[in-house]
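Okay, here's what each chain looks like letter by letter:
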Amino acid sequence: MESSELIELQIGAVANGGWCVARHEGRVVFVRHTLPGERVRARVTQETKNFLRADAVEILEPSPDRVQAPCPFAGPGRCGGCDWQHASLPAQRRLKAEVVKEQLSRLAGIDRDVVVEEVPGAPDGLGWRTRVQFAVRRDGVIGLRKHRSHQIEPIDECLIAHPQVEALGIERKRWSGATGVEAIASAATGDRLAVLSSRGRARVPRMDAPVRLVSGKREEKPPFVREEAAGRLWQVSGSGFWQVHPGAAETLAAAVLDALEPRKGDIAVDLYCGAGLFAGVLGEAIGPDGLVVGIESEGQAVRDARFNLRDLPHVSVERGEVEKVIDEIQFGRGRSTLRQADLVVLDPPRAGAGRDVVKRVAELAGRRVAYVSCDPATLARDLAFFSEYGWTLSALRAFDAFPMTQHVECVATLVRG
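Position labels on residues start from 1 in each chain and follow its written sequence. Given that this is a predicted model, residues contribute local features only at a pLDDT of at least 70 and side-chain atom pairs are listed and counted only at 80 or more, while totals for whole chains, interfaces and linings are drawn from all residues. As a convention, hydrogens and water are excluded, and side-chain values are obtained from all of the structure's heavy atoms.

Visitor: Help me understand helix H8 (residues 376-388), please; the structure alone is not making it clear to me.
Guide: The periodicity of an α-helix, 3.6 residues per turn, causes residues three or four positions apart to be oriented the same way. The helix count covers DSSP runs of H or I at least four residues long, the strand count covers runs of E at least two residues long, and both are numbered beginning at the N terminus. Take the number of residues in a helix, subtract one, and multiply by 1.5 Å to get its expected span. Between its terminal C-alpha atoms H8 stretches 19 Å, which fits the 18 Å expected from 13 residues at 1.5 Å a residue. Each residue gets one of three labels from its accessible area relative to the maximum for its type: buried under 20%, exposed over 50%, partly exposed in between, using a 1.4 Å probe on protein chains only. Burial analysis of H8 places 10 of its 13 residues in the buried class, the great majority of the element. When we look at burial in H8, the residues that qualify are Pro376, Ala377, Thr378, Leu379, Ala380, Asp382, Leu383, Ala384, Phe385 and Phe386. Counting of polar contacts relies on pairs of N or O atoms within 3.5 Å, with two restrictions inside protein: one atom must be capable of donating a hydrogen and the other of accepting it, and residues adjacent in sequence are counted only when both atoms are side-chain atoms. A distance of 2.9 Å separates the backbone nitrogen of alanine 377 from a side-chain oxygen at the start of H8, and that oxygen is part of aspartate 375. Taken from the residues just after H8, glycine 390 is the one with a positive phi, measuring 90°.

In C-alpha cells, the structure reads:
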C-alpha cells in the first residue's frame, strides 16, 4: 500500500497516544484527527508489517463531540503539538479516561472506572502551557515539529501557550544559528526566561527577558524563574522540570498529600524530586520530628531543591540515580540512613520507574506509596510490578493537566496488600 493512499474507515475506540483504532482489509489502522464513531476518509502515512498509521483528511460522518479546531496550525500534516483540538473539552477528558482505564486493564489486570478531573487555570483549554519548546529551521524561522517528524511547522502564535510565554515574542523573531528555543514563564510571579540551544555561534535577538545560551559550559548561577505553589515560593533554574500547567503543581501536591495521609513524625522519601515540590509539602505536613529524603539525579535541580527547602532542616536532598541512592540510604552509605520509610512518593519521567526501582520502593515503603505519572502505559506496567511485590492499588485520580493533547497526569495510591 502506498504511503499517501486514501482509504475509507469506520472509526472505533480511542487508543493511547492520540489515535483512534480502525480496520482496513483485516489490518489495524491507527488514525489521528478523528473521533470514535466517525466515518472518515484517511491518508495512509505509514505502513508496518502489523498495522497502518493514517490521518483523517475528510470527515464523512462526524461525531457529535467534534468541534472546529481553534488553532489554524492544527490538523493533518501540520503541527504535532496538539492531538484533540477537534474534540470538545468534556469529550477530551472522556477519551483520556478511556485510555487510562484500557491501559490499566490490559497491562496491569486492574478494572477501574476513571474520571479525568479539570485542573484550574484554563477553562477553555487554551493559554495554559508555561513552558514551550520551539524548534528552529536552518534559516532561523521558528516553529513546532510535525507529528512523528523532524519537519518544522512555522507558526506565529501557539494557542495553548500561556500569555506570559507569548509576551516573549519568540515566534516573531529570527533565531539564526539556533536549533531550539525554550520559552519559560511563571503564571504566578510573571518571571520569564528563554533558553537557547545552538549548533555553535547563535545570533540572539533583542529580548525583554534573560536568555540563557546553552553552550555545554556549566554556569554557576543560571537564570531561573520563581514559581508559587502550596503556599511556598520555588526557584526553578534554566529549563529545569516544573509542571507546565499553571494549576498542576498545586493540584498534584494536594493529591499526593491526600494519597499518602502523612502523620506527624513520619519518615518519607521523594523519588525524582526535581525542585522539591513534594518533599516540601511532605516536610511541612510531617513536621520537625519527622524526616523527608528527596532523591534527584540532575545537579541543578538538586541545588534548586536544597535552596527551596533550606527552611526545613528535617528535609534533605540526595543527588544520584534513584535505585543507587535507595541502596545507599538503606545500607548506611549515604548522608542519610534509613532502613524503611513510612511513605514514598515517586514522579518518574515518561519512561516510568521500571522493575528495579519498583522492587526497591516496595521494600523501602512501609505504609503508603503515591505514584505520579504522565504516561498511562508505563504507570500500568509499574503497577503490575508493584502487585508482584505485595502492593495494591487503592485509589487513582487523573487530571487534565495538558488540555488539547493526549497527555494526562495520574496519581495512584498504593497500600500493602
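Visitor: Explain the pattern of salt bridges here, please?
Guide: Side chains bearing opposite charge may pair, as long as their charged atoms lie close to each other. Basic side-chain nitrogens of Lys or Arg form a salt bridge, by our definition, when they fall within 4 Å of a carboxyl oxygen of Asp or Glu. Under the definition given, this model contains 27 salt bridges. Here aspartate 400 and arginine 93 are joined by a salt bridge, their closest N and O atoms 2.9 Å apart. Placement of the pair is aspartate 400 in strand S21 (residues 391-400) and arginine 93 in helix H1 (residues 89-108), with a sequence separation of 307 residues. For the pair aspartate 400 and arginine 93, a shared accessibility class is recorded, and that class is buried. Residue aspartate 342 is joined to arginine 367 by a salt bridge in which the shortest nitrogen-to-oxygen separation is 3.9 Å. Of the two residues, aspartate 342 is situated in strand S19 (residues 341-346) and arginine 367 in strand S20 (residues 365-373); the sequence distance between them amounts to 25 residues. It is possible to trace a salt-bridge network through shared partners that takes in Glu8, Arg39, Arg41, Glu58 and Glu61.

Visitor: Looking at this model, I keep getting lost on the sheet that holds strand S17 (residues 291-296). Mind explaining?
Guide: The strands making up a sheet are joined through hydrogen bonds of the backbone, oriented either antiparallel or parallel. In this scheme, strands are said to pair when DSSP sees at least two bridges between them. Judged by pairing direction, the sheet is mixed, and its 8 strands sit side by side in the order S7-S21-S22-S20-S19-S16-S17-S18 without closing on themselves. Among the strands making up the open sheet, the edge pair consists of strand S7 (116-118) and strand S18 (315-319). The sheet shows a mean angle of 20° between the axes of neighbouring strands, taken without regard to direction. Pairing analysis gives 5 bridges linking strand S16 (residues 267-271) to S17, with the strands arranged parallel. Residue pairing across strands places leucine 271 opposite isoleucine 295, the latter belonging to S17. The contact criterion used is simple: two residues touch if any of their non-hydrogen atoms lie within 4.5 Å. Convention adopted: a line fitted to C-alpha atoms gives each axis, helices being fitted over their contacting stretch, and angles between N-to-C directions are expressed from 0 to 180 degrees. Seen against the sheet, H8 touches S20, S21 and strand S22 (409-416) and runs at an angle of roughly 165° to S20.

Visitor: Which parts of the structure should I look at to understand the sheet that holds strand S4 (residues 27-32)?
Guide: Within the open sheet, the 6 strands sit side by side as S1-S5-S6-S4-S3-S2. Their pairing is mixed. Because the sheet does not close on itself, it has two edges, and the strands there are strand S1 (6-10) and strand S2 (14-15). Note: strand S3 (residues 19-24) against S4, 5 bridges, orientation antiparallel. Within S4, the residue paired with alanine 22 across the bridge is valine 29.

Visitor: For this particular structure, what's the right way to read unusual backbone geometry?
Guide: A negative phi holds for most residues other than glycine; trans holds for most peptide bonds. Even without a glycine there, the phi angle at tyrosine 272 is positive, about 55°. Position of tyrosine 272 relative to the elements: it lies in the loop between S16 and helix H4 (277-286). Positive phi outside glycine occurs at methionine 404, with the angle close to 75°. Here methionine 404 is to be found in the loop between S21 and S22.

Visitor: Looking at this structure, how should I read empty space enclosed by the protein?
Guide: Any empty space left between the atoms is revealed when a probe the size of a water molecule rolls over them. Using a grid of 1 Å spacing that covers the protein atoms alone, one calls a set of points a cavity when a 1.4 Å probe fits there but cannot get out, and a pocket when the set is open and has protein on both sides within 12 Å along at least five of seven lines; lining residues are those with an atom within 4 Å of a point. Grid points are joined across faces, edges and corners, and a volume is the space filled by probe spheres set on the points. Overall, the coordinates contain 1 cavity of 30 Å³ or more when judged by the stated rule. In this structure, the largest cavity spans a volume of roughly 70 Å³. Taken together, Val14, Ala15, Asn16, Gly17, Gly18, Trp84, Leu95, Lys96, Val99, Pro376, Gln406 and Val408 form the lining of the largest cavity. Of the residues forming the lining of the largest cavity, the biggest block, 3 residues, is contributed by H1.

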